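Single-letter residue listing:
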Amino acid sequence: MIGKKTLIKAVAAASVLFASSAFGAQFITIGTGGVTGTYYPTGGAICRMMNKNRKATGIRCSVESTGGSVYNVNTIKAGELDFGIAQSDTVYQAYHGEGKFKGKPIKQLRSVMAIYPELLALVVRKDSGIKKLTDIKGKRINIDVPGSGTRMTAEIVMNAFGIKKSDLAKAEELKSTEGPTMLKDNKIDGYFGVFGHPTANIKDAANSVDIDLVPIEGKPIDELVAKYPYYAKGVISGSFYKGVTHDTPSIGVKAVLVTSSKIPEKTVYALTKTILDNFDAFKKLHPAYKTITKESLLQGLAIPQHPGAIKAFKEAGILK
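An account of the accompanying structure is given in this report.

About the criteria used
- Residues numbered from 1 in each chain as written.
- Predicted model: local features only at pLDDT ≥ 70, side-chain atom pairs only at ≥ 80, totals over all residues.
- Heavy atoms only, no water.
- Phe/Tyr/Trp six-rings, centres within 6.5 Å; stacked < 30°, edge-to-face > 60°.
- Helix = DSSP H or I, 4+ residues; strand = E, 2+ residues; numbered from the N terminus.
- Buried < 20%, exposed > 50% of the residue type's maximum accessible area, 1.4 Å probe, protein only.
- Lys NZ or Arg CZ within 6 Å of the ring centre and 35° of its normal.
- Pairing = 2+ DSSP bridges.
- Axes fitted to C-alpha atoms, helices over the stretch in contact; angles between N-to-C directions.
- Parallel < 35°, antiparallel > 145°, perpendicular 65-115°, else oblique.
- Left-handed = near helix turned anticlockwise from the far one by under 90°.
- Contact = heavy atoms within 4.5 Å.

**Concerning the packing of aromatic side chains**
Now for step 1: Considering all chains together, one arrives at seven aromatic pairs under this definition.
Now for step 2: Between Tyr-116 and Tyr-289 the ring centres are 6.0 Å apart and the planes differ by 45 degrees, which places this aromatic pair in the tilted class. Separated by 173 residues along the polypeptide, Tyr-116 in strand E4 (residues 109–125) and Tyr-289 in the loop between helix H11 (279–283) and helix H12 (307–315) bring together distant segments of the chain. Taken individually, Tyr-116 and Tyr-289 each receive the classification buried, so the pair is uniform in this respect.
Now for step 3: Taken together, the ring pairs connect Tyr-92, Tyr-228, Tyr-230 and Tyr-231 into an aromatic cluster.
Now for step 4: Over the aromatic face of Tyr-95 sits the side chain of Lys-107, whose NZ or CZ is 4.0 Å from the ring centroid.
Now for step 5: Here the guanidinium or amino end of Lys-311 rests over the ring plane of Tyr-269, the centre of that ring lying 4.4 Å away.

Here it is as structure tokens:
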């Protein structure tokens, strides 16, 4: 005789199995970052939309707080995550086996979409007289610590404009977290930082001293975007920071949603289509999405796009 409990368990397991096969129920997980960053609420926003739409797709989505870009890419490779969010430069290096992934390319990595920009900001004191990038010559500027993402991007941009470190009156090499205090204490005229905007860092600076954001644009920037596929142009909204009422063009990396070539086309298609079909609602879910467009979701994709995502973008008329 089979015990009652055993029978109930067997029936429950069979019904789950039947539901899965009948309705194609599937579970996906998105790896993000720390709970206080922008990656975590981004993953949460995508999962909420997927779960709302699960009757149509048969997909349930859960979000996982992780160590960020490098962790997500490696965990997708290991098959323990279905999707993850990572910086476009990390994605490029992982696929090509460069930087932290030297000699270990992750060729099964695929991009889905580039969600929002993490843009380089040049934050200056309003009384510094710095109106354009080349005005930093002869000024005191914090260029961030060696080896940081901000430092790498700042140096690439400075080089593109023919500005050397020696052209500055003083080149500080402290973390961008020190920027607001140094600006307030008049120890520097400006500082660089790569952020998802709006950021508390620049809000702190704007609340203690009159600041401005310097446009980072022009032919040298166009050439950089053409040369480095993981860079993309973007705009820091004039509604983000006290005293800065103009939109500020800049350059940066993108927060890219990535997956594996092993994830089925219909899964990636369903996720991409859900975001595109509900794009206006998606944009309202976080301030960092304020300046994104459906077209900008394709800018900064540094590696091949998953066929499922391509199909959804083509159907929406965004990809030719």
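**Points about the pairing of strand E1 (residues 26–31)**
Now for step 1: Where E1 lies against strand E2 (residues 59–64), six bridges are found, and the strand directions are parallel. Residue pairing for E2: Gln-26 is matched across the bridge by Ile-59.
Now for step 2: Looking at chain direction, E1 and strand E3 (residues 83–87) are connected through two bridges and run parallel. In the strand pairing of E3, Gly-31 is matched with Gly-84.

**Some words on the packing of helix H10 (residues 265–277) against H12**
Now for step 1: Two elements in contact, H10 and H12, have axes separated by 7 Å at closest approach and are oriented at 40 degrees. If you check the angle between H10 and H12, you find them oblique. The element H10 and its partner H12 pack so that their crossing is right-handed. Every residue of H12 that contacts H10 at Glu-265, Val-268, Tyr-269, Thr-272, Lys-273 and Leu-276 is listed here: Pro-307, Gly-308, Ala-309, Lys-311, Ala-312, Phe-313 and Glu-315.

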